[in-house]
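Overview (structure and organization)
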Amino acid sequence: MNTLLVASEVKKTFVMHMRGGVELPVVANVSFSLKGGACAVLGGPSGVGKSSILKMLYGNYGCDGGQILVRHHGRHVDVASASPRLVLEIRRDTIGYVSQFLRAVPRVSALDVAAEPLLIRGVEREAAREQARGLFTELNLPEKLWSLPPATFSGGEQQRVNIARGFITDHPILLLDEPTASLDAANREVVIGLIASKKAEGAALLGIFHDTDVRNAVADHVIDVSAFAAGKAAA
Amino acid sequence: MTTSDTLEALAKAGIPAPEKPLLTVEKLTRVYGKRIGCADVSFDLWPGEVLAIVGESGSGKTTLLNCISSRLTPTCGTVHYRMRDGASADIYKMSEAERRYLMRTDWGFVHQNPIDGLRMTVSAGANVGERLMAVGNRHYGNIRGAAIEWLARVEIEEDRVDDQPRTFSGGMRQRLQIARNLVTEPRLVFMDEPTGGLDVSVQARLLDLLRGLVSDLGLAVIVVTHDLAVARLLSDRMIVMKEGRVIEAGLTDRVLDDPRAPYTQLLVSSILQV
Ligand SMILES: Nc1ncnc2c1ncn2[C@@H]1O[C@H](COP(=O)(O)OP(=O)(O)O)[C@@H](O)[C@H]1O
Ligand SMILES: Nc1ncnc2c1ncn2[C@@H]1O[C@H](COP(=O)(O)OP(=O)(O)O)[C@@H](O)[C@H]1O
Ligand SMILES: [Mg+2]
Ligand SMILES: [Mg+2]
């Protein structure tokens, strides 16, 4: 199997200037790799740094050390040191992300929120919307919601818009931050199915899943984030 | 082989030419007597990129924007712009006429107060048509047609085309100002607090419109705002300013979600979460 991402010795420490410059070491020596066709899961208790790791891989948080090498457009690039422009290009074409919470944009319909990653790639609007409709149908999102902005949706409805947005493209790497947390059993099954098809297409997935059933259904291996806990590394 | 020969060879081989920055700002400084307007600001802007300049009132945002857009002469520093033919030009070494032509065609400038960017006593249609005439368009029918089309794109009804903007609401005036700027298909648009004086609901509509236009037209934009939510919605990258200097710069969502500088942390923690 081919390796699509290698994280080595990645480190994150927050410095809280509003609280007198106190340092909050989160993780250090984070090292793992992701292979195409497999789903890895970040494990460990709440607050251990799982979401922070996903955000560093996506370029949303900066790294305080280490490298995140990604195969992008046929070459290897380091997300940790990439320019803003390159990070945006990596997000457009290589790394997709389903965030834990949907960030709603005023006045934009659920359909267009989900279609946006395709529009950014230059796909024609109607074609992009058609794919979004397909995912919404699969995720049982009531059709009467499709043309409304998701700001007023329930947690589970917003999460399904977010999932559609993340799964609409064929990014080779997909990061998932608790995508099933507020879904009912039927929709959790749908997401398990979506993850299985991404794997079959050869994508490398990395997720955080609270629900043990979902985790057992999708995980090929578990990365224990407690092992990277910054306190531990220092000891 | 010359550079253009090389580029041609690459193009024939199906390899796109490496993109170059549209605008390069180096060590730009403007002082007012002893007071610093902006100091030592450098950055590149790429085609199609949206850059937000944020900071509190008095931090030098407007001074910087005006120095970049040649509306205010800098004390020192340079601004290079890539012309449509691919050549890079130092905008302060151009003739006054060349600079004015650039501002009328390839650049747009959206003022916070639409009164500063519109002619209040000529019709909405003429406000838009005037920019086309300035670039040599003389056919009345074409100009009127383009004006009506642009008014529609900024959601102004066709039956308002002969009305003067002084009869328009604040939001409509701002949309008209945007149409007036975009009708010549500029590649770079400067905006100073474009949603500044507007009610929140009107702001949301304008932001939505701007987001759509910027992505449809592939515009490069430098937008000044003190509102971090506006920066989050519109921009790819941002620059945080304080007392005329750049405090932090980077990808917009990273600066907002993982701010490094003490001042940026203070700004971000001061936003009301809704
Ligand atoms: N932007 C941030 N600024 C400061 N501290 C943060 C930030 N993001 C996360 N943290 C802190 O980092 C630690 C790890 O958080 P997180 O990565 O969300 O953990 P998990 O996803 O495992 O629950 C927590 O103590 C959290 O408060
Ligand atoms: N024409 C001027 N004469 C003197 N000082 C000025 C002038 N314009 C701006 N300043 C000063 O320069 C600094 C930056 O102002 P400005 O660029 O307007 O900031 P911002 O747009 O961020 O509010 C402020 O201290 C302001 O008082
Ligand atoms: Mg988390
Ligand atoms: Mg100002």
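Our structure is the block above this text.
Within each chain, residues carry numbers counting from 1 in the order of the written sequence. Just so you know, chain letters begin at A and ligand numbers begin at 1, following the order they were written in. Thresholds applied to this predicted model are a pLDDT of at least 70 for local features of residues and 80 or more for the giving and counting of side-chain atom pairs; totals over whole chains, interfaces and linings are not thresholded and use all residues. Only heavy atoms go into the side-chain values, all of them from the structure, while hydrogens and water stay out.

**Some words on the overall build of chain A**
- In this description a helix means any DSSP run of H or I spanning at least four residues, a strand means any run of E spanning at least two, and both kinds are numbered starting from the N terminus. Across its full length, chain A carries eight helices and nine strands.
- Taken over C-alpha atoms, the radius of gyration is set against a globule rule of 2.2 Å times the number of residues to the power 0.38. Computed over its C-alpha atoms, the radius of gyration of chain A comes to 18 Å, within 12% of the 18 Å expected for a compact globule of 235 residues.
- Throughout, exposure labels follow a simple rule: accessible area from a 1.4 Å probe, protein chains only, divided by the maximum for the residue type, with under 20% read as buried, over 50% as exposed, and the rest as partly exposed. Scored against the burial criterion, the 235 residues of chain A give a buried share of 50%.
- It only takes one pair of heavy atoms within 4.5 Å for two residues to be counted as in contact. A separation threshold of at least 6 residues defines the contact pool for chain A, and within that pool the share at least 24 residues apart is 69%.
- Summed over its atoms, the accessible surface of chain A is roughly 10300 Å², and 51% of this surface lies on carbon and sulfur atoms.
- Taking the 25 positively charged and 24 negatively charged side chains of chain A as two groups, their mean positions are separated by 5 Å. Here, Shrake-Rupley sampling with a 1.4 Å probe gives the accessible areas, and only protein chains in the shown set may cover a residue. We count Lys and Arg on the positive side and Asp and Glu on the negative side, and we leave His and both chain ends out. Charge coordinates come from a single atom per side chain, which is NZ of Lys, CZ of Arg, CG of Asp or CD of Glu.

**Examining the site of ligand 2**
All names here are of chain B.
- Taken together, the residues surrounding ligand 2 are Tyr 32, Arg 35, Ile 36, Gly 37, Glu 56, Ser 57, Gly 58, Ser 59, Gly 60, Lys 61, Thr 62 and Thr 63.
- We define a polar contact as two N or O atoms separated by no more than 3.5 Å, with the added condition that, inside protein, one atom must be a possible hydrogen donor and the other a possible acceptor, whereas residues neighbouring each other in sequence contribute only through side-chain atom pairs. The contact in question runs from an oxygen atom of ligand 2 to an N or O atom on the side chain of Thr 63, over 2.5 Å.
- Within the complex, the protein chains bury 61% of what would otherwise be the 560 Å² of accessible surface of ligand 2.
- Elements with a contribution of two residues or more to the shell around ligand 2: strand 2 (35-45) and helix 2 (61-68).
- The class makeup of the residues in the shell around ligand 2 is two nonpolar, seven polar and three charged. By convention in this text, a residue qualifies as near a molecule or strand provided that one of its non-hydrogen atoms is within 4 Å of it. When residues are grouped by polarity, Ala, Val, Leu, Ile, Met, Phe, Trp, Tyr, Cys and Pro land in nonpolar, Asp, Glu, Lys and Arg in charged, and all others, Gly among them, in polar.

**Structural notes on the site of ligand 1**
- Not every one of the 14 residues close to ligand 1 is listed here, only the nearest: A:Gly47, A:Lys50, A:Ser51, A:Ser52 and A:Tyr61.
- Looking at the residues close to ligand 1, they fall on chains A and B.
- Take A:Gly47: an N or O atom from its main chain is 2.7 Å from an oxygen atom of ligand 1.
- Between ligand 1 and the protein, one listed contact pairs an oxygen atom with a backbone N or O atom of A:Val48 at 3.3 Å.
- Taking 560 Å² as the accessible area of ligand 1 by itself, protein coverage stands at 68%.
- Contributing elements (two or more residues each) for the shell around ligand 1: strand 1 (3-16), strand 2 (22-35) and helix 1 (50-57) of chain A.
- The leading source of residues in the shell around ligand 1 is helix 1 of chain A, at three residues.
- Of the residues assigned to the shell around ligand 1, the class counts are seven nonpolar, five polar and two charged.

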